[in-house]
Amino acid sequence: MQRVLILMSDTGGGHRASAQALATAFGERYGDRFNVQVIDLWSHYTPWPVNQVPKSYRTLVTDALWLWKLAWRASERDWLTEPGLRLVGRLVRRAMRRAFDEYQPDVVISVHPLMQHAPLGLLRHRLKSPIPFVTVVTDLISIAPVWYHREVDRCFVASQEAVRRAKLAGLGDEQIRLYGLPVRPAFARPVGEKKSLRLSLGLEADCMTALLVGGGEGMGPVGEIARSMAARLAADGRAAQLVVICGRNEALRRELAAHRWPLPVRVEGFVQNMPEWMAASDCVVTKAGPGTIAEALICGLPILLTGFIPGQEEGNVPFVVENGVGIYSESPAQIGAILSRWFGPERERLAAMGAKAKTMGRPQATFEIVEEIARLLGE
Ligand code: UDP
């Protein structure tokens, strides 16, 4: 049995979800031929204050966005990131060595922008280890330069723009692979027909259905948008329903569950069966999270984007809009009006965007990634 070590960090739903997607795909494809371990290297193996980085990220992108913007811009400057990464590398080296000793991996996979330099420095230059190291980039378009490291064996990306940036960072064709984002293998399986799926989820079978999400953390003005969408759809007399998925935002879930709605609204906390909720819906309303966008494309869902995290999600907005698979608006009133048109006079346009989305989805990406990693290990 070969040992696979996936390095992630719990900043947002995306990195953990990607790590789990890869682990599941290894299991589905190869049974127990691989032993896959996922570790949050930063939180569990590094000393304070480095282990606070994931928590600070959450605070930054919710309460101190200006500081996050500053940090993102700084990360695009080599002369600032190089010494920063060297310092972090020194701080975390011992803890990382402990993790490698413990797991004795045959391959290391990083699914986090801050986990190339330090682990590669240790493996290649201190331990002189020849084991393969691969990066699976979990952002779509706006890829921070720290994602790219010239010494990786493979760098898996999800867009032509990411390929372009990888080449700018000095990676060669033999290292770069374009397969798509690593979404859960469940998205690659058929989930059944829409109406029966709605019934099994306790939804109205014959209503147009909008799925509203704010990433794994339930971020952004989800409540305000939900109220605006419901009010507008009801005022326009649409036979429609909403599903609002609040993720880990329990306060939001409680608030929306207690609200009196003018049409059927289903409020959920963190759901494990996102493929079913998406397949039961007619469109998704979301911030520009890469995971949710990739999953919506696979499900052939038009995307109404309501915001983005500056930096890593910025490029996802033109990606969606210019490819004709969705629209961007930050105004709750406008979002309600757009949705009402989509569910009314613009149904054909909605269908055309959905069909285009379907052609862009990459349901097999996760399997293609793990198959290539398995080949690196001689499978
Ligand atoms: N997600 C989920 N259950 C929920 C909410 C979100 O499984 O209740 C998943 C969603 O399907 C996606 C990820 O969490 O895979 C969110 O990733 P995205 O890149 O959209 O946003 P992030 O949370 O990373 O900011």
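Throughout what follows, the structure given in this document is the object of discussion. (Residues numbered from 1 in each chain as written. Predicted model: local features only at pLDDT ≥ 70, side-chain atom pairs only at ≥ 80, totals over all residues. Heavy atoms only, no water.)

With respect to the site of the ligand
Then step 1. The local shell around the ligand holds 18 residues, among which Arg184, Gly216, Lys287, Thr292 and Glu295 are the closest.
Then step 2. In this structure, an oxygen atom belonging to the ligand sits 2.7 Å away from a side-chain N or O atom of Lys287.
Then step 3. One of the side-chain N or O atoms of Glu295 is found 2.6 Å from an oxygen atom in the ligand.
Then step 4. Relative to its unbound accessible area of 540 Å², the ligand is 95% covered by the protein chains.
Then step 5. Taken together, the residues of the shell around the ligand break down into five nonpolar, nine polar and four charged. (Near = heavy atom within 4 Å. Polar contact = N/O pair within 3.5 Å; in protein donor to acceptor, adjacent residues only side chain to side chain. Areas by Shrake-Rupley, 256 points an atom, 1.4 Å probe, with all protein chains shown as cover. Nonpolar A, V, L, I, M, F, W, Y, C, P; charged D, E, K, R; others polar.)

Some details on the nonpolar core
Then step 1. Counting residues in hydrophobic clusters, the biggest one holds 35 residues, and the most contacted among them are Leu211 and Ile293.
Then step 2. Elements that contribute at least two residues to this core include exactly strand S7 (208–213), strand S8 (240–245), helix H11 (274–279), helix H12 (290–298), strand S11 (303–305), helix H13 (316–322) and helix H15 (347–360).
Then step 3. With five residues, the top contributor of residues to this core is H12.
Then step 4. In contact with Ile293, not counting residues within four places along its chain, are Leu140, Ala288, Ile303, Leu305, Asn316, Phe319 and Val320. (Core = buried A, V, L, I, M, F, W, Y, C linked by side-chain atoms within 4.5 Å. Buried < 20%, exposed > 50% of the residue type's maximum accessible area, 1.4 Å probe, protein only. Helix = DSSP H or I, 4+ residues; strand = E, 2+ residues; numbered from the N terminus. Contact = heavy atoms within 4.5 Å.)

Topic: the pattern of salt bridges
When their charged atoms lie close together, side chains carrying opposite charge are able to pair.
Then step 1. Across all of its chains, the model carries 23 salt bridges by this definition.
Then step 2. The closest approach of N and O atoms between Arg375 and Glu372, which form a salt bridge, is 3.6 Å. Taken as a pair, Arg375 and Glu372 lie in helix H16 (residues 365–376) at a separation of three residues, close to a single helical turn. (Salt bridge = Lys/Arg side-chain N within 4 Å of Asp/Glu carboxyl O.)

Some thoughts on the sheet that holds strand S3 (residues 107–110)
Then step 1. Taken in spatial order, the six strands of this open sheet run S2-S1-S3-S4-S5-S6, and their pairing is parallel. Strands at the two margins of the open sheet, each flanked by one partner only, are strand S2 (34–40) and strand S6 (176–178). Geometrically, the sheet is characterised by an average inter-axis angle of 20° between neighbouring strands, direction not taken into account.
Then step 2. For strand S5 (residues 154–157) and S6, the ladder comprises three bridges, and the chain directions are parallel. The residue bridging Phe156 from the neighbouring strand is Arg177, located in S6.
Then step 3. Of the strands in this sheet, strand S1 (2–8), S3 and strand S4 (133–136) are in contact with helix H6 (residues 117–126), which crosses S4 at around 165°. (Pairing = 2+ DSSP bridges. Axes fitted to C-alpha atoms, helices over the stretch in contact; angles between N-to-C directions.)

A few points about H12
Then step 1. Among the nine residues that make up H12, eight are buried, leaving the element largely enclosed by the rest of the structure.
Then step 2. Buried within H12 are the following residues: Pro290, Thr292, Ile293, Ala294, Glu295, Ala296, Leu297 and Ile298.
Then step 3. Looking at the buried side of H12, the elements it contacts are S7, H11, strand S10 (283–286), S11, H13 and H15.
Then step 4. At the exit of H12 stands Gly300, carrying a positive phi of roughly 65°.

Don't take any of this as a statement about function, it's just geometry.
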